[in-house]
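Per-entry structural report
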Amino acid sequence: MKDILRSGYSIGPLAVAYIFWGVSVGLVAFHFRNVSTTVTLHWNVYQGVNVQGNAVSVWLLILVACIVLALNTFFVLYLHAREKFLSTLFAFSSAVFGALFLMAIGAIVYFN
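If you're wondering where the values come from, they're calculated on a predicted model, not measured in any experiment.

Let's shift gears to the overall build of the protein chain. In terms of helices and strands, the protein chain carries four helices and two strands. Each helix and strand of the protein chain, placed in order from N terminus to C terminus, yields the pattern α-α-β-β-α-α. In terms of overall dimensions, the protein chain is more spread out than a globule: its C-alpha atoms have a radius of gyration of 17 Å, far above the 13 Å expected for 112 residues. Over its C-alpha atoms, taken along the principal directions, the protein chain stretches across nearly 50 × 30 × 15 Å. In the protein chain, which comprises 112 residues, the proportion classed as buried is 29%. If you sum the accessible surface of the protein chain, you get close to 7,200 Å²; carbon and sulfur atoms cover 72% of it.

This is the structure:
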């Protein structure tokens, strides 16, 4: 376990991914705290609003992202002792996923 804390290639991107996830949770908690109407979940340039839902749907997106990040963290910790390259690959993919997820939540917040 101490070995993974010394490896910046594995723990650094995971920390960035969890920071992105925390900012996403903060955005959703701040913007959708008192919303009882429908919210826009998907907006298309050609057709306009495609998918609408309630604020619980946005929280389900947060839950799915939490599950994906938890699985990636498990894979990073499990693979670090066996295959460091795969561990680093999972860590960096977690950071990319966190950034993409933050952009998606940012778009949902912007359009509502």
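As a further point, take the side chain of Thr73. Looking at the secondary structure, you find Thr73 in helix α3 (residues 55-80). Using a relative accessible area of 16% as the deciding quantity, one classes Thr73 as buried. A polar side-chain atom of Thr73 sits 2.7 Å from a polar atom in the side chain of Tyr18. Beyond its immediate stretch of four places on either side in the chain, Thr73 contacts Leu14 and Tyr18.

About the thresholds
- Residue indices follow the written sequence of each chain, beginning from 1 at its first position.
- Only residues with pLDDT of at least 70 get local features here, since the model is predicted, and only at 80 or more are side-chain atom pairs given and counted; chain-wide, interface and lining totals rely on the full set of residues.
- As a rule here, side-chain values cover all heavy atoms of the structure and leave hydrogens and water aside.
- In this text, helices come from DSSP runs of H or I with a minimum length of four residues, and strands from runs of E with a minimum of two, each type numbered from the N-terminal end.
- A radius of gyration in this sense is built from C-alpha atoms; the matching globule rule multiplies 2.2 Å by the number of residues raised to 0.38.
- With a 1.4 Å probe rolled over the protein chains alone, any residue whose accessible area is under 20% of its type maximum counts as buried; one over 50% counts as exposed, and the rest are partly exposed.
- Calculation of accessible area relied on Shrake-Rupley with a 1.4 Å probe; when residues are assessed, cover is drawn exclusively from the protein chains displayed.
- Contacts described as polar in this section are N or O atom pairs within 3.5 Å, which, within protein, must combine one atom able to donate a hydrogen with one able to accept it, while residues neighboring in sequence count only if both atoms come from side chains.
- A contact between two residues is defined here by any heavy atoms of the two lying within 4.5 Å.

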